[in-house]
Amino acid sequence: MRGKSEGEDQSDLFAKSGQPAPNNTATQAHEIPRDTTRGDATLSLLREGYAFIPQRMKRLDTNIFRTRLMLRDTLCLSGPAAAELFYGSGMLTRIGAMPQTVLRLLQDKESVQQLDGEEHRHRKAMFIRLLMQDDDGMTRLVALFRRHFIAHLPEWEQRDSVALSTEIDRILAETALRWTGTPLATLDLSRDGRTLAEMVQGAGRFGPRTWLALARRNRLEKRIRSIFKDIRDNRIAVAEGSPIDHVAQHRDRQGAPLSPRAAAVELINILRPIVAIGRYIVFAAMALHEHDEWRRLLAAGADELLPDFAEEIRRISPFFPFVGAVAKEDMIFEGHRIPKGQWLLLDLYGTTHDETLFPEPHRFKPHRQLSWRDRNNAFIPQGAGDIATTHRCPGERATVEILMEAIRILTRDISYEVAEQDLEVPLNRVPAGPKSGFVMTKVRRTAAPDTPSAPGQ
Ligand code: HEM
């Protein structure tokens, strides 16, 4: 075994303690492998999509490498130690970590994701109350989803074919707007539902479609801002205890309410990702189609297998390829010197497809016993670490609950045939999905119509 130099010992110590390394370790730090792409690698990233980071990690036999993206020196990292750095160290910030278009389409300025330290924890607590701790709220969300899904069936039965990826966006947008208690007078379920879906769709690209999505987002944000102004001025009332009420009533650490803009941004931060769950539902429909043994088991009522199935969908499906962050201070990570201001990307997709962490990573194997409740820093499709104190997604519980309900409906409440179609999922398009959108034919209701009564409807 190779002995460690003094510098390496110090590096490990600092990596573990999460403390900034003193400057004198800089000279002893390991050199970071460099991507061999000549010049700026942005075009390669756009061409290669999800494979961009993992392929280079493999080629360079590393879990960290340096490249240049959008004319910016960038470090790409992968694996549990990197996840710990991103979500457990407190040494990084999300401010300045995403290109402006991506930031505006997803989390946006003034959102919880753009806060650090105590301000972040305080705002995050609102999301945790709504999405993690309110059992009744979660039951109501799932019941609403079922109700809206079932309500679309008579129309689907009349049609020759239905593209699940389009239909599920509509169903989830209706669910999200109703669940949050958003007044619909100034909104349009169909138009605004599409806008919510386009925000995720447009975030992985550049060009006219992205700009269009941005323009539509701006208009929706403006309408929601005016709703918050009206709530504040008592011109409209919202249901007490509803998610929109929570956002309207939220006070910052100094006791001030959120500005109408910040409130609109945070409401969209609940609406948009609920619609995004549809992407996992489409991947689940594909998995049911490709693994008939699982479809039959779940159709027969094996509820105990549902969490394993849903969690494996979250692991294997390409969604967010990576997240970005910026170093708040000089530090040493596994012997590598990272200066303050450095841009970093954590490879979520590569980590959840790392064969040393998940054997046969590209095989759908629901027996891996994964759970959003774990904090093992390897199963990180929606971030890692402690939800309350890090930027880990607060929506994992809702994602899994809705996904499980969708699988119940697809296996027990309806029958359908899967049309001849191109189900290839190109990994160079972010976010990914089957080319055909998963087209179903001969959709029929199988179970007896139920009338779930969702409160507040
Ligand atoms: C559709 C599946 C989802 C995926 C793939 C996903 C992914 C992620 C990821 C990777 C992060 C971490 C960002 C970072 O580290 O900077 C995140 C954060 C966040 N997610 Fe999700 N998410 C999903 C669903 C949801 C849902 C259903 C909600 C709410 C209803 C939600 C709300 C949020 C919020 C508010 C944050 C920011 C948290 C913070 O900065 O503290 N997400 N999500």
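Residues numbered from 1 in each chain as written. Predicted model: local features only at pLDDT ≥ 70, side-chain atom pairs only at ≥ 80, totals over all residues. Heavy atoms only, no water.

Engineer: Which residues make up the coordination of the iron atom of the ligand, and what are the values?
Structural biologist: What the protein offers the iron atom of the ligand as a donor is a single atom, Cys393 (SG), at 2.3 Å. Looking at the secondary structure, you find Cys393 in the loop between α15 (348-352) and α16 (396-413). (Donors = N, O, S within 2.8 Å, 3.2 Å for Na, K, Ca; no water. Helix = DSSP H or I, 4+ residues; strand = E, 2+ residues; numbered from the N terminus.)

Engineer: Quick one: what's the story with helix α3 (residues 52-60), residue by residue and with numbers?
Structural biologist: Considered for burial, the residues of α3 that qualify are Phe52, Ile53, Arg56 and Met57. Across the axial projection of α3, the buried residues extend over an arc of 125 degrees, all falling on one side. For α3, the exposed residues set more than 90 degrees away from the buried face come down to Lys58 and Arg59. Of the surrounding secondary structure, the elements contacted by the buried residues of α3 are α2 (42-48), β1 (64-69), β2 (72-77), β5 (322-327) and β8 (343-347). Within two residues after α3, Asp61 carries a phi angle of roughly 50 degrees, on the positive side. (Buried < 20%, exposed > 50% of the residue type's maximum accessible area, 1.4 Å probe, protein only. Arc of directions from axis to C-beta. Contact = heavy atoms within 4.5 Å.)

Engineer: So what about the nonpolar core? Which residues, and what values?
Structural biologist: Counting 95 residues, the largest nonpolar core has Phe145, Ile281 and Phe309 as the members making the most contacts within it. Counting residues per element, this core draws most heavily on helix α12 (residues 260-290), at 20 residues. Apart from the residues within four sequence positions on either side, Phe309 is in contact with Ala284, Ala287, Leu288, Trp294, Leu298, Phe364, Pro366 and Ile407. Among the nonpolar cores identified, the runner-up in size contains 22 residues, and Ile64, Leu75, Ala325 and Ala327 belong to it. (Core = buried A, V, L, I, M, F, W, Y, C linked by side-chain atoms within 4.5 Å.)

Engineer: An account of helix α14 (residues 306-316) is requested, with residue identities and associated values reported.
Structural biologist: The buried fraction of α14 amounts to 10 of the 11 residues, a majority that puts the element mostly inside the structure. Considered for burial, the residues of α14 that qualify are Leu306, Asp308, Phe309, Ala310, Glu311, Glu312, Ile313, Arg314, Arg315 and Ile316. In this fold, the buried residues of α14 make contact with α12, α13 (292-299), α15 and α16.

Engineer: Got a sec to walk through the pattern of salt bridges? Specific residues and values, please.
Structural biologist: One pass over the full model with this rule turns up 44 salt bridges. As a salt-bridge pair, Glu401 and Arg397 come within 3.7 Å of each other at their nearest N and O atoms. Residue Glu401 and its partner Arg397 are both found in helix α16; the two are separated by 4 residues, about one turn of the helix. On the basis of relative accessible area, Glu401 is assigned to the partly exposed category, the value being 26%. In this structure, a network of salt bridges that share partners links the residues Arg104, Asp108, Glu110, Arg217, Glu221, Arg225 and Arg261. (Salt bridge = Lys/Arg side-chain N within 4 Å of Asp/Glu carboxyl O.)

Engineer: Quick rundown of the environment of Ala299? Include the residues and the values.
Structural biologist: Structurally, Ala299 is set in helix α13. For Ala299, a relative accessible area of 31% gives the class partly exposed. For the pair Ala299 and Thr411, spaced 112 residues apart in sequence, the C-alpha to C-alpha distance is 4.7 Å. Residues contacting Ala299, with those up to four places away along its chain left out, are Thr411 and Arg412.

Engineer: I'd like to hear about the pairing of β8, residue by residue, with values.
Structural biologist: Across the 5 residues that make up β8, a large majority, 5, are buried. Side chains of β8 alternate between two faces, with Trp343, Leu345 and Asp347 and Leu344 and Leu346 buried alike. Inspection of the sheet shows β2 paired to β8 by 4 bridges, in the parallel sense. Across the sheet, residue Cys76 finds its bridge partner in β8, namely Leu345. As judged from the 5 bridges shared by β5 and β8, these two strands associate in the antiparallel manner. Across the sheet, Gly324 pairs through a bridge with Leu345, a residue of β8. (Pairing = 2+ DSSP bridges.)

Engineer: Explain empty space enclosed by the protein to me, using residue names and the numbers behind them.
Structural biologist: Here the structure, examined in full by the defined rule, presents 3 cavities of 30 Å³ or more. There is about 60 Å³ of room inside the largest cavity. In this structure, the largest cavity is lined by Tyr280, Arg314, Arg315, Ser317, Pro318, Phe319, Phe320, Leu348, Tyr349, Thr352, His353 and Pro381. Listing elements by their share of the lining of the largest cavity, those giving two or more residues are α14 and α15. Looking at the lining of the largest cavity, the element that brings in the most residues is α15, giving 3 residues. Taken as a whole, the second largest cavity spans an internal volume of roughly 50 Å³. Breaking the lining of the second largest cavity down by element, the ones donating at least two residues are α9 (189-203) and α12. Top element by residues in the lining of the second largest cavity is α12. It accounts for 3 residues. Residue classes in the lining of the second largest cavity are distributed as 4 nonpolar, no polar and 2 charged. (1 Å grid on protein atoms, 1.4 Å probe; cavity = no way out; pocket = protein on both sides within 12 Å on 5 of 7 lines; lining within 4 Å. Points joined across faces, edges and corners; volume = space filled by probe spheres on them. Nonpolar A, V, L, I, M, F, W, Y, C, P; charged D, E, K, R; others polar.)

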